[in-house]
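# Structural characterization, general
Residue strings, one per chain:
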2 protein chains.
Amino acid sequence: MIQDVGSATTSRRARLRTETTAEIKRVALELMASGGPGSITLRAIAREMGMTANAIYGYFATRDDLLTALIKDVYTELADTLEAARDALPEADAAGRILAWAHAFRDWALAHPQGFRLIYGDPVPGYQAPEGGAAPEAEHRVCAGLTGLAAGAWPEASGRYTDDSFDWTDFDEKLAGEVRAEFPGLPPAAVALALRIWGHLHGLVSLEVLGHLRAQTTNPAKLYRNEIARLISSLGLTPPPATA
Amino acid sequence: MIQDVGSATTSRRARLRTETTAEIKRVALELMASGGPGSITLRAIAREMGMTANAIYGYFATRDDLLTALIKDVYTELADTLEAARDALPEADAAGRILAWAHAFRDWALAHPQGFRLIYGDPVPGYQAPEGGAAPEAEHRVCAGLTGLAAGAWPEASGRYTDDSFDWTDFDEKLAGEVRAEFPGLPPAAVALALRIWGHLHGLVSLEVLGHLRAQTTNPAKLYRNEIARLISSLGLTPPPATA
DNA sequence: TGCGGTAACTATACGGCGTGAAGTAAAGAT
DNA sequence: ATCTTTACTTCACGCCGTATAGTTACCGCA
């Protein structure tokens, strides 16, 4: 059973440490999946791992630190999923990419409702997000990805947004810089469009996942499809034929 | 100091009971306003009232029951606010009513962020909403109010929604019944429109209030105004001139 | 006027929570 | 072989919701 499993560059200690950290997060996500973000508890995690709750303090300074790490991981996974769905279609297919992104978003949220709550809901009792949100990086990626979608649609859509009076100073400096570097010539109105798209998608999905739509419609999927089709149309693109 | 303050129909006991119930809720809302929904605690309420935590069990069977009552109250207050803002303008001014409703929604959310979290966020640790949401009635009112807005815009907007394939069975039976009674001739596509409008507004406002927009835009108000203007335009109505 | 019922409230207790302080045993470094 | 660091446990504190039992004060009725 004695064998060399680790690389030579990391010590055995560091390896064990990494593995234990990963296990803590894995167990925490399991608890969340079965009981919601509120059931992420140091004591429950420790119980599951055959440890004492205080042992976790060797890996995370506080429960909120653990939650922050989890939020970052889950949010990053969401961003990966969305970008993968978008990049499965050619850049030229602007409408298809928006459609793919939007459905990937809803599908992910329905498949991981507790993860969605963790990211977008009020997470847990007294959790306070550390300065400017827990996962600004992933949030930024999502926003930049949406701006990419808007940029793809801009040739057709720009004519409908000439009366917008947005300015680069209306947006986060870092975000604006990235967008201007990646899409030269794209006006600030396109970023506003991206954020509005985010609002549309997030609004319907969060209402659905958090249960506020259940009492109104029996067919949230149809509502969402309709929303996306109208969104694509409003950009001057051709929506795909409706499917049941 | 001895005087008759209550009405003859309610006993002194019942009066005190009502007052105490109201005080519990009032203190709970104060705690929420200062520390978020998570700091609504039976013990904290009792402390504030100079009582024992267990005394509250005489008024609410459980902490979740209290939370449910609070959600209902706050949601009802929101619905009142929205309807009042809408009804301040004549029915003929469809665009103005949508505008008023939308801004009342955001203004309320920004003025009562903790109330917004209570209603729309994941409320508190282990809170489980009792069968179909805590405040189905207020939720219904909001939805019906939005449908009223859609109905007001329908003469101008209907032409853009002829290709929608919504059916009355796509919506909650009770909601559909009310809508058909109040707005005869209004097609189910108008209810879908109302829900989509809700999604738009809720999406941007919840992103802003829950802090997910802060890292992207420095001017969420402008973004929201733009969203509403485009929404009104997309209905074939004339948006009001933009103001700073 | 007095008595019985009941409503309102307290006292005590249990288990669970995050977290701090102190101690222990094993692993690594020298 | 000794010293240091790491991983972990034990104990403790003050929070939490809530169950059970006991106490007090008021109300209606004789």
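As a starting point, this report considers the structure included with it. Values in this document were obtained by computation on a predicted structure and should not be read as measured data. (Residues numbered from 1 in each chain as written. Chains lettered and ligands numbered in written order. Predicted model: local features only at pLDDT ≥ 70, side-chain atom pairs only at ≥ 80, totals over all residues. Heavy atoms only, no water.)

### With respect to the side chain of Glu 227 of chain B
Locating Glu 227 of chain B in the fold gives a position in helix α9 (residues 220-234). Judged by relative accessible area, which is 1%, Glu 227 of chain B ranks as buried. (Helix = DSSP H or I, 4+ residues; strand = E, 2+ residues; numbered from the N terminus. Buried < 20%, exposed > 50% of the residue type's maximum accessible area, 1.4 Å probe, protein only.)

### Remarks on helix α5 (residues 113-120) of chain B
Restricting attention to buried positions, one finds in α5 of chain B the residues Gly 115, Phe 116, Leu 118, Ile 119 and Tyr 120 of chain B. Buried positions in α5 of chain B, seen along its axis, are confined to an arc of 165 degrees and lie on one side of it. (Arc of directions from axis to C-beta.)

### Observations concerning the protein's contact with DNA strand C
Around DNA strand C, a shell composed of 18 residues is seen, among which Arg 43, Arg 47 and Asn 54 of chain A together with Asn 54 and Tyr 59 of chain B lie nearest. Sugar and phosphate atoms constitute 58% of the interface atoms of DNA strand C, taking the interface as everything within 4 Å of the protein. Between a phosphate oxygen of DNA strand C and a side-chain N or O atom of Arg 47 of chain A, the distance comes to 2.4 Å. At 2.8 Å from a phosphate oxygen of DNA strand C is found a main-chain nitrogen or oxygen belonging to Arg 63 of chain A. When residues of the surface near DNA strand C are traced back to their parent elements, those giving at least two are α1 (12-35) and α2 (42-49) of chain A together with α1 (12-35) of chain B. (Near = heavy atom within 4 Å. Polar contact = N/O pair within 3.5 Å; in protein donor to acceptor, adjacent residues only side chain to side chain.)

### Considering the packing of helix α3 (residues 63-87) of chain A against helix α5 (residues 113-120) of chain A
Residues and elements named next belong to chain A. Packing of α3 against α5 leaves a shortest axis separation of 9 Å and a crossing angle of 115 degrees. Relative to α5, α3 is oriented so that their crossing is left-handed. Of the residues in α5, those touching α3 at Leu 67, Leu 70, Ile 71, Val 74, Tyr 75 and Leu 78 are Gly 115, Leu 118, Ile 119 and Tyr 120. The residue makeup of the contact of α3 with α5, split by class, is nine nonpolar, one polar and no charged. (Axes fitted to C-alpha atoms, helices over the stretch in contact; angles between N-to-C directions. Left-handed = near helix turned anticlockwise from the far one by under 90°. Contact = heavy atoms within 4.5 Å. Nonpolar A, V, L, I, M, F, W, Y, C, P; charged D, E, K, R; others polar.)

### What to know about the packing of aromatic side chains
For the structure on display, the rule yields ten aromatic pairs over all chains. With a centroid separation of 5.6 Å and an interplanar angle of 65 degrees, the aromatic rings of Tyr 75 of chain A and Tyr 120 of chain A are classed as edge-to-face. With Tyr 75 of chain A in helix α3 and Tyr 120 of chain A in helix α5, this residue pair connects regions lying 45 residues apart in the sequence. Exposure remark for Tyr 120 of chain A: the relative accessible area of 3% places this residue in the buried category. Measuring from ring centre to ring centre gives 6.0 Å for Phe 166 of chain B and Phe 171 of chain B, while their planes differ by 35 degrees; the resulting arrangement is tilted. (Phe/Tyr/Trp six-rings, centres within 6.5 Å; stacked < 30°, edge-to-face > 60°.)

### Regarding the interface of chain A and chain B
Taken together, the contact pairs 47 residues of chain A with 47 residues of chain B. Here chain A meets chain B over a buried area of about 4200 Å², counting both sides, of which 51% is carbon and sulfur. Considering only the side of chain A, the residues that lose the most area to chain B are Asp 122, Gln 216 and Arg 230 of chain A, jointly responsible for 18% of the buried surface there. On the surface where chain A and chain B come into contact, there are four salt bridges. Asp 170 of chain B serves as the salt-bridge partner of Lys 222 of chain A, at 2.7 Å between the closest nitrogen and oxygen. Across the chain A-chain B interface, the total number found is 25 residue pairs in polar contact (both at pLDDT 80 or more). Contributions of two or more residues to the side of chain A that touches chain B are made by α5, α6 (136-157), α8 (188-209) and α9 (220-234) of chain A. For the side of chain A that touches chain B, the element with the most residues is α8 of chain A, which contributes eleven residues. Taken together, the residues of the side of chain A that touches chain B sort by class into 18 nonpolar, 16 polar and 13 charged. (Buried area = accessible area lost by both parts, 1.4 Å probe. Salt bridge = Lys/Arg side-chain N within 4 Å of Asp/Glu carboxyl O.)

### So, the pattern of salt bridges
Scanning all chains against the criterion turns up 24 salt bridges over all chains. Overlapping salt bridges, with partners in common, bring together Glu 23, Arg 26 and Glu 30 of chain A in one network.

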